Amino acid sequence: GGILLVGLASVWGSDSGAGGKGEPVSLVLLGMALSVAGQVVQAAQVVAEEWLLKEVDLPGLQIVGFEGLWGLLLMSVAAFPLLYCLPGSDHGHLENDLDALAMLRSSGSLEM
């Protein structure tokens, strides 16, 4: 409840919109929603780690390995394709992963 009150005060408490800086209220609300969503995801990760450590009795390093595997999977399946499809300044894409891999292969110092 407290974070909601502080967020609403920052949106509605100023005459010029969001915080007196002229940002659109919709962007401020989006930022607040993303912050809360990030906190929920972090809390779920901590609860899942605790459950895996205590109830399932997995070793800590195995849990860290699973976290890395899930991160790689989510980035490969969701984030990288989305960034490639969004328009941007990297040869028409927001992020061109194939181009980045080609640059890494062509630079010996970056490859290490």
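Residues numbered from 1 in each chain as written. Predicted model: local features only at pLDDT ≥ 70, side-chain atom pairs only at ≥ 80, totals over all residues. Heavy atoms only, no water.

**Q** Just give me the short version of the overall build of the protein chain, but keep the residues and values in it.
**A** Counting its secondary structure elements, the protein chain contains 5 helices and 0 strands. Traced from its N-terminal end to its C-terminal end, the protein chain shows the element sequence α-α-α-α-α. Expressed as a percentage of its 112 residues, the buried residues of the protein chain come to 11%. Across the protein chain, the fraction of contacts at a sequence separation of at least 24, relative to all contacts at a separation of at least 6, is 7%. Counting every atom, the protein chain has about 8,700 Å² of accessible surface; 71% of that belongs to carbon and sulfur. (Helix = DSSP H or I, 4+ residues; strand = E, 2+ residues; numbered from the N terminus. Buried < 20%, exposed > 50% of the residue type's maximum accessible area, 1.4 Å probe, protein only. Contact = heavy atoms within 4.5 Å. Areas by Shrake-Rupley, 256 points an atom, 1.4 Å probe, with all protein chains shown as cover.)

**Q** Talk me through the packing of helix H2 (residues 25–54) against helix H3 (residues 60–85); I want residue IDs and the actual numbers.
**A** For any two helices packed against each other, one specifies the inter-axial angle together with the distance between the axes. Remark: H2 packs on H3, axes separated minimally by 10 Å, with the N-to-C direction vectors making an angle of 140 degrees. By the angle class used here, H2 and H3 are oblique. Relative to H3, the crossing made by H2 is right-handed. Across the interface between the two elements, Gln45, Glu49, Leu52 and Leu53 of H2 pack against Gly60, Ile63 and Glu67 of H3. Looking at side-chain class alone, the contact of H2 with H3 contains 3 nonpolar, 2 polar and 2 charged residues. (Axes fitted to C-alpha atoms, helices over the stretch in contact; angles between N-to-C directions. Parallel < 35°, antiparallel > 145°, perpendicular 65-115°, else oblique. Left-handed = near helix turned anticlockwise from the far one by under 90°. Nonpolar A, V, L, I, M, F, W, Y, C, P; charged D, E, K, R; others polar.)

**Q** A description of a nonpolar patch on the surface should follow, citing residues and the corresponding values.
**A** Taken together, the side chains of Phe66, Leu69, Trp70, Leu72, Leu73 and Val77 define a hydrophobic patch exposed on the protein surface, amounting to about 640 Å² of accessible area. As for its placement among the helices and strands, Leu73 is situated in helix H3. (Patch = residues over 30% accessible without salt bridge, like charges linked within 9 Å, V, L, I, M, F, W, Y side chains within 5 Å. Salt bridge = Lys/Arg side-chain N within 4 Å of Asp/Glu carboxyl O.)

**Q** Talk me through the packing of helix H1 (residues 2–12) against H2; I want residue IDs and the actual numbers.
**A** Contact pair H1 / H2: the axes reach a minimum separation of 10 Å and the direction vectors enclose 160 degrees. Comparing the axis directions of H1 and H2 gives the class roughly antiparallel. Here H1 runs over H2; the crossing is right-handed. Touching Ile3, Gly7, Leu8, Ser10 and Val11 of H1 are Val25, Val28, Leu29, Met32 and Val36, all from H2. Here the residues of the contact of H1 with H2 sort into 8 nonpolar, 2 polar and no charged.

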